Structures are given as C-alpha cells and as structure tokens.
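Below are the chains, spelled out letter by letter.
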Amino acid sequence: MPAWVETGFNDYSKRLPASCRLNLIEIPLRKRTKNADLLRLQDKECEQMLSKVTRGAYVIALDEGGRSWNSLQLADQLAHWMQTYSTVALLVGSPEGLAKACLQKAQQHWSLSPLTLPHPLVRIIVAEQLYRAWSLLNNHPYHRG
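A brief look at the structure comes next. (Residues numbered from 1 in each chain as written. Predicted model: local features only at pLDDT ≥ 70, side-chain atom pairs only at ≥ 80, totals over all residues. Heavy atoms only, no water.)

## Some details on the pairing of strand β1 (residues 58–67)
Both β1 and strand β2 (residues 88–91) contribute to a ladder of four bridges, which runs parallel. Within the sheet, the bridge partner assigned to Ala61 lies in β2 and is Leu91. Note on the crossover from β1 through helix α3 (residues 71–84) to β2: the handedness is right-handed. Across four bridges, the pairing between β1 and strand β3 (residues 108–110) is parallel. Bridging from a neighbouring strand, Arg67 pairs with Trp110 of β3. (Pairing = 2+ DSSP bridges. Helix = DSSP H or I, 4+ residues; strand = E, 2+ residues; numbered from the N terminus. Right-handed = clockwise from strand over helix to strand, strands pointing away.)

So, in structure tokens, the structure goes:
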C-alpha cells in the first residue's frame, strides 16, 4: 500500500481506545495473469483470510450486497458489536470480491457504498467510519453532523 494509505489508516486507528482497537491483518494478493483461474485464487485467499479469524469472532463481510448505514446507525452497530462480542473480524475481499465461503461464514454483511471502491480507500474509510461511530457513542466532538 502507498504510504498515504498507511498514514490515513494509522491516524484513525491510533485514535481509538484499546477497547475498540483495529488490528489490520493483510493477506497477500495472489498474482493475477491473463489466464488465471480467478475463482480458485479467490477461494485460496478466502482460506487464508478465514485461517486468520479468531475462533468465536463475529464475522462481518464488506460486500456491495450488504446493509449500508448512516453514521448514527453505524454507531448503534458498533455499540452492539462491542457489547456482545469480544472479537469482530471485518473481511475485505480481493478485486473480484469475497469468495462464497467467506460470504457464508459472515454473520453480517456491510456495504460502504453502492460504488466500487479501491482497497486503499476502503482501508481508510473503514477506519475513519469506525472512529466516527466511536466518537458518536462517546460524545466526542469529532462528529459534528
């Protein structure tokens, strides 16, 4: 990832308290060639992703077919996740999206937008939106809208 992505992600993630810590685990993208079997690559990446998910974690797939929330609704979701689960895992797919096995493993599906967003932006948007949701829950002045 470019340095600006790491800077943006780190800026928001370090603002969150330990009770709402973001832990980024990257799965290397497998090489795509003109004749690559994209479904097989997607399945292998899904296997790697799921192997990194903590046992008992609540799994959320970032998926264009998922539910979208405004900031207040996301704050409600975050409050629920924090009160109910010790660990929440957010899955972000490859350029082809998440494999069926990852989508099926997820207990919830979250759509950031009906637009297709590049992965570098998704990383920053997720971190910023979770920080915004936390700030709403804690009456922090960050969210003024």
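Alright, that's what it looks like, and here's the rest.
## Examining the sheet that holds β3
Strand order in the open sheet formed by three strands is β2-β1-β3, with parallel pairing between adjacent strands. The two strands at the open ends of the sheet, each matched to only one other strand, are β2 and β3. For this sheet the average axis-to-axis angle between neighbouring strands, irrespective of direction, equals 40°. Packing of α3 onto the sheet brings it into contact with β1, β2 and β3, and relative to β3 it is tilted by some 145°. (Axes fitted to C-alpha atoms, helices over the stretch in contact; angles between N-to-C directions. Contact = heavy atoms within 4.5 Å.)

## Notes on the pattern of salt bridges
Under the counting rule described, the total for this entry stands at five salt bridges. Between Glu26 and Arg123 there is a salt bridge; the shortest N-O distance is 3.0 Å. In this pair, Glu26 is assigned in the loop between α1 (3–15) and α2 (38–52) and Arg123 in helix α5 (residues 119–137), connecting sequence segments 97 residues apart. Accessibility expressed as a relative area gives 15% for Arg123, which makes it buried. (Salt bridge = Lys/Arg side-chain N within 4 Å of Asp/Glu carboxyl O. Buried < 20%, exposed > 50% of the residue type's maximum accessible area, 1.4 Å probe, protein only.)

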